[in-house]
Amino acid sequence: EAAAPAPGSVDRLEAEREIVRQRCSLADRLKKAAEAAAETLRSEQRAYDACLEQIRRSEDAIDGRAIRAGKDVAQREFSRARAAAQSPADVEVAARTWLKEIDRINREARLAATRLAKERQASARLMVRLERLSVEADAARIAAESAAEECLAARHRLASLEQIAEVPGFGGKA
């Protein structure tokens, strides 16, 4: 059975240097992975925030008060145009314009209601994805921090062994 190399021996120092290289290389890779996971999480959070903003806009578009206000404006415009009409044809044009505006308001409200349902579904899917990405980002961050601590510990161990190697009688120097 071979004896373990002495603390300050060349073989032991090379073995410790290799451990430092491996642990610090792993720490670097895990740090990059954690940064990527955090960026993915931030990107998904921005997408979720944009989805919530779209939901807010769609809710505003189907708000009964806003729809009623739009129809009231159209009614007032029709009343003004009818009062200013010089002929039955002018009244017909005013009525057609008013009805087109009412139709546009109703169509936009229907489209907004359809969009709202889709956006709420998308929001729910994004929330599930955000929760998963959050856990993954935390796990990646914790793994990177742990690997960085292992790298630092290996560096300290190597530094101690290198100091021992400098002591006459321990490290082979006389």
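A.B. asks: Is there a simple way to think about helix α2 (residues 64-84) in this case?
C.D. replies: The periodicity of an α-helix, 3.6 residues per turn, causes residues three or four positions apart to be oriented the same way. Taking 1.5 Å of rise per residue, the 21 residues of α2 would be expected to cover 30 Å, and the 30 Å separating its terminal C-alpha atoms lies within 8% of that figure. For α2, the set of buried residues is I67, K71, A74 and F78. The buried residues of α2 occupy an angular sector of 60° when the element is viewed end-on, so they sit on one face. Of the residues in α2, the exposed ones pointing more than 90 degrees away from the buried face are R65, A83 and A84. The inward-facing, buried residues of α2 contact α1 (10-61) and α3 (88-166).

A.B. asks: When you look at the packing of α2 against α3 in this model, what are you seeing that I'm missing?
C.D. replies: Between two packed helices, what matters for the description is the angle formed by their axes and the separation of those axes. With their axes 9 Å apart at the nearest point, α2 and α3 run at an angle of 175° to one another. Taken together, the axis directions place α2 and α3 in an arrangement best described as roughly antiparallel. For the pair α2 and α3, contact is made by I67, G70, K71, A74, Q75, F78, A81 and R82 and by V91, A94, A95, W98, E101, I102, I105, N106 and A109, respectively. A class-by-class count of the residues in the contact of α2 with α3 yields 11 nonpolar, three polar and three charged.

A.B. asks: Any chance you could explain the nonpolar core here in plain terms?
C.D. replies: One broad rule of soluble globular proteins: the nonpolar side chains tend to lie buried together. Core analysis: the biggest nonpolar cluster contains 10 residues, these being L13, V20, C24, A27, A147, C151, A154, L158, L161 and A165. For this core, the secondary-structure elements that each account for two or more residues are α1 and α3. At six residues, α3 tops the list of elements feeding residues into this core. In this view, A147 contacts R23, A27 and L30; residues no more than four positions away in its chain are not counted.

A.B. asks: What's the story with the state of the cysteines in this structure? I'm lost.
C.D. replies: Each disulfide consists of a covalent bond between the sulfur atoms of two cysteine residues. This model, assessed by the stated rule, comprises one disulfide. The disulfide bridge from C24 ends at C151, spanning 1.8 Å between sulfur atoms. With the S-S dihedral at roughly 85°, the linkage between C24 and C151 falls on the right-handed side. Highlighted residues: C24 in helix α1 and C151 in helix α3, separated in sequence by 127 residues. Exposure remark for C24: the relative accessible area of 8% places this residue in the buried category.

A.B. asks: Looking at this structure, I do not really get the pattern of salt bridges. What am I missing?
C.D. replies: When their charged atoms lie close together, side chains carrying opposite charge are able to pair. Tallying each qualifying case throughout the model produces 22 salt bridges. Across the pair R23 and E150 runs a salt bridge whose closest N-O atoms are separated by 3.7 Å. In this pair, R23 is assigned in helix α1 and E150 in helix α3, connecting sequence segments 127 residues apart. With a shortest N-O distance of 2.4 Å, R80 and E77 are connected by a salt bridge. Separated by three residues within a single helix, R80 and E77 lie in helix α2, roughly one turn from each other. In this structure, a network of salt bridges that share partners links the residues E53, R56, R57 and D60.

A.B. asks: I'm lost on the packing of α1 against α3 in this one. Help?
C.D. replies: Packing of α1 against α3 leaves a shortest axis separation of 5 Å and a crossing angle of 165°. For the element pair α1 / α3, the angle class is roughly antiparallel. Of the two possible hands of crossing, α1 and α3 adopt the one that is left-handed. When its residues are assigned to classes, the contact of α1 with α3 shows 36 nonpolar, six polar and 16 charged.

Definitions and cut-offs
Residues numbered from 1 in each chain as written. Predicted model: local features only at pLDDT ≥ 70, side-chain atom pairs only at ≥ 80, totals over all residues. Heavy atoms only, no water. Helix = DSSP H or I, 4+ residues; strand = E, 2+ residues; numbered from the N terminus. Expected span 1.5 Å × (residues − 1). Buried < 20%, exposed > 50% of the residue type's maximum accessible area, 1.4 Å probe, protein only. Arc of directions from axis to C-beta. Contact = heavy atoms within 4.5 Å. Axes fitted to C-alpha atoms, helices over the stretch in contact; angles between N-to-C directions. Parallel < 35°, antiparallel > 145°, perpendicular 65-115°, else oblique. Nonpolar A, V, L, I, M, F, W, Y, C, P; charged D, E, K, R; others polar. Core = buried A, V, L, I, M, F, W, Y, C linked by side-chain atoms within 4.5 Å. Disulfide = S-S within 2.5 Å. Salt bridge = Lys/Arg side-chain N within 4 Å of Asp/Glu carboxyl O. Left-handed = near helix turned anticlockwise from the far one by under 90°.

Geometric descriptors of this kind do not, in isolation, establish any biological role.
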